[in-house]
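Residue-level structure breakdown
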Amino acid sequence: MTDSYVYAAARTPFGRFSGALAGIRPDDLAALAVRGVLAKTPALDPGEIGDVVWGNANGAGEDNRNVGRMAVLLAGLPTSVPATTVNRLCGSSLDAAIIASRAIETGDADIVLTGGVESMSRAPWVLPKPDRAYPAKDMTAVSTTLGWRLVNERMPQEWTVSLGEANEQLAERFPVPRERQDEFAVRSHTLADAAWTAGFYDDLVVPVAVDGKGTTLTRDEGIRPDSTVDRLAALKPSFRPGGVITAGNASPLSDGASAVLLGSQAAAARIGTDPLSRIAGRGVFALDPQLFGFAPVEAANRALKNAGIAWSDVSAVELNEAFAVQALACVDAWKIDPSIVNAKGGAIALGHPLGASGGRLLGTLAHRLRESGERWGLAAICIGVGQALAVVLENVTGNVMETRR
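All residue numbers refer to position in the chain's written sequence, counted from 1. Reporting in this predicted model follows two pLDDT cut-offs: at least 70 for local features of residues, and 80 or more for side-chain atom pairs to be given and counted; totals over whole chains, interfaces and linings ignore these cut-offs and use all residues. Note: side-chain values were computed over all heavy atoms of the structure, leaving out hydrogens and water.

**Brief notes about the nonpolar core**
We count it as follows: We define the nonpolar core as a collection of buried residues of types Ala, Val, Leu, Ile, Met, Phe, Trp, Tyr and Cys that are connected through side-chain atoms lying within 4.5 Å of one another. Each residue is assigned to one of three classes by its accessible area relative to the maximum for its type, calculated with a 1.4 Å probe on protein chains only: buried under 20%, partly exposed between the two thresholds, exposed over 50%. Segments assigned H or I by DSSP are reported as helices when at least four residues long, segments assigned E as strands when at least two residues long, and all are numbered from the N terminus. By the convention used here, residues are in contact when the closest approach between their heavy atoms is within 4.5 Å.
Trp311, Val317, Leu319, Trp334, Ile336, Leu378 and Val392 are the most contacted members of the largest nonpolar core, which totals 47 residues. Those elements giving two or more residues to this core turn out to be helix 4 (163–173), helix 5 (178–198), helix 8 (296–307), strand 12 (314–319), helix 9 (324–334), strand 13 (376–383) and strand 14 (387–395). Sorting elements by how many residues they give to this core places helix 9 first, with seven residues. Contacts of Ile336, omitting those with residues within four sequence positions, involve Trp311, Val317, Val331 and Val341.

**Thoughts on the pattern of salt bridges**
Here is the rule: When a carboxyl oxygen of Asp or Glu lies within 4 Å of a side-chain nitrogen of Lys or Arg, that pair is called a salt bridge.
Enumeration according to the criterion identifies 23 salt bridges in this entry. One connected set of salt bridges, linked through shared partners, spans Asp3, Arg278, Arg375 and Glu394.

**A look at the packing of aromatic side chains**
Going by this rule: For this analysis, a ring pair means two rings from Phe, Tyr or Trp (six-membered ring only for Trp) whose centres lie within 6.5 Å, classed as stacked if their planes differ by under 30 degrees, edge-to-face if by over 60, and tilted for the remaining angles. Geometrically, a lysine NZ or arginine CZ counts as sitting over a ring once it is within 6 Å of the ring centre and also within 35 degrees of the ring normal.
According to the stated counting rule, one finds four aromatic pairs in the structure shown. Ring geometry for Phe200 and Tyr201: centres 5.0 Å apart, planes at 85°, overall edge-to-face. Given a relative accessible area of 0%, Tyr201 falls into the buried group. Ring geometry for Trp311 versus Trp334: centroids 4.8 Å apart, planes at 40°, classification tilted. Taken together, the positions of Trp311 in the loop between helix 8 and strand 12 and Trp334 in helix 9 put the pair 23 residues apart, joining distant regions of the chain. Given a relative accessible area of 5%, Trp334 falls into the buried group. Ring pairing ties together the aromatic residues Trp196, Phe200 and Tyr201, which thus form one cluster. In this structure, Arg11 is placed above the aromatic ring of Phe14, and the distance from its NZ or CZ to the ring centre is 4.6 Å. A cation over a ring is seen here: Lys344 above Phe200, with NZ or CZ 4.8 Å from the ring centre.

**Here's the deal with the packing of helix 1 (residues 26–38) against helix 2 (residues 67–74)**
Filter applied, for reference: An axis is simply a line fitted to the C-alpha atoms; with a helix, the fit covers only the stretch in contact. Between two such axes, the angle follows the N-to-C directions and lies from 0 to 180 degrees. What sets the label is the angle itself: under 35 degrees gives roughly parallel, over 145 gives roughly antiparallel, 65 to 115 gives roughly perpendicular, and the rest give oblique. Crossing handedness: left-handed means the near helix sits turned counterclockwise from the far one by under a right angle, and right-handed means the same turn made clockwise. The residue classification treats Ala, Val, Leu, Ile, Met, Phe, Trp, Tyr, Cys and Pro as nonpolar and Asp, Glu, Lys and Arg as charged. All others, Gly included, are polar.
Closest axis-to-axis distance for the helix 1/helix 2 pair is 8 Å, and the angle between their directions is 60°. Classified by the angle between their axes, helix 1 and helix 2 sit oblique to one another. As for the relative orientation of helix 1 and helix 2, their crossing is right-handed in sense. Taking contact as the criterion, the partners of Asp27, Asp28, Ala30, Ala31, Val34 and Arg35 in helix 1 are, on helix 2, Val67, Met70, Ala71 and Leu74. Within the contact of helix 1 with helix 2, the residues separate by chemical class into seven nonpolar, no polar and three charged.

**Some points on the packing of helix 5 against helix 9**
Axis separation between helix 5 and helix 9 bottoms out at 9 Å; the angle between their running directions is 95°. What the angle tells us is that helix 5 and helix 9 run roughly perpendicular. Between helix 5 and helix 9, the residues in contact are Arg180, Gln181 and Phe184 and Ala324, Val325, Ala327, Leu328 and Asp332, respectively. Taken together, the residues that form the contact of helix 5 with helix 9 break down as five nonpolar, one polar and two charged.

**Side note on the confidence of the model for the protein chain**
Keep this limit in mind: The score called pLDDT rates the predictor's confidence residue by residue, from a low of 0 to a high of 100.
Confidence in the prediction of the protein chain, expressed as mean pLDDT, is 96, and 98% of residues score 70 or more. Mean pLDDT in the protein chain bottoms out at helix 12 (residues 398–404), which sits at 55, and peaks at strand 10 (residues 254–264), which reaches 99.

**Examining helix 9**
A large share of helix 9 lies buried, amounting to nine of its 11 residues. Those residues of helix 9 that sit buried are Ala324, Val325, Gln326, Ala327, Leu328, Ala329, Cys330, Val331 and Trp334. Buried residues along helix 9 sit in contact with helix 4, helix 5, helix 8, strand 12, helix 10 (347–350) and strand 13.

**Remarks on the pairing of strand 11 (residues 277–286)**
For the record, the criterion: For two strands to pair, DSSP has to find at least two bridges joining them.
Of the strand pairs in this sheet, strand 1 (residues 4–11) and strand 11 are connected by two bridges, and their pairing is antiparallel. Following the sheet pairing, Val6 is matched in strand 11 by Ser277. Both strand 11 and strand 14 contribute to a ladder of nine bridges, which runs antiparallel. Bridge assignment links Phe285 to a residue of strand 14, and that residue is Ala388.

Here is the structure:
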């Protein structure tokens, strides 16, 4: 067995629903992320890539027919580079990295390109096929943008509540009051804006030309630096009368793509750069579908155990903020310092294009560790229908390696 390493990461800016990236097909967004990460390793011959593992949560529209393979072809890579697309909903691109890391560790591949894409703006409406030809009744088009659709009637109703209602239930179970959720959301926007202003994302985000007139999206579109608790308090609940979840303390519908290049230690010479981080532990966990927001708790605990470290060793956490309530419930359960969580902003501000978010978390975490010089970090993400994934990274950049020696 060998180790697997993160060598480079890149992503597009994340666009608002029906915003600047809405005119760009998801397979083209994916190709932009592929080209972006490979631009960071110019010495690498793309033909050396042993496989591409790509995440995508929808697959019902322009991202059909294995969007990972489409991204490879559209990015201009040799046709000899294979690709597959995986779907673990919100965790798809983190799952892609996990799958790739296992391939490297077992010797099945030396260099694997991973990532994910989602255009929630362009997710189509679908019609179920009728039981017989030409039914004499109206048919309802179903949006594939988010959540349950075409639900199997054999599923228990408590499992198939909306994502928002599921998180209202979490807020009751733990509990996490509305004001605390709004404070967390404001923190996300404040930290995201500060990170962009300080130049942290300059090395991670690839600008995207959004039209033929020279307009370019260079920054995540959903960040609201002027957000305040008072402004969020004025928003109406989105899922229940008198509820606590609003458009302000939940992640927005988004468009975007991310990419992460993984390889073995022996591949460094061919990639042409030293690795950023070692993938030291992985964790997966599942529970009742409506409790999905709490699933990262045990996924992270398992990843830490597999890495042979404890929470006290962890200096940086990237936790996807699907909803403020579920992120806070996880942080509380871990009993960790909240300041180490999403220090560069989270999904409430940056956006949550489902299939791309895991790659964003992993790339941001590797760069946070490189910037701080700290050794251990963890990325975790909740997944609809009751699942979660987590990955532990060990910083292997020069300053940390010298300290360990």
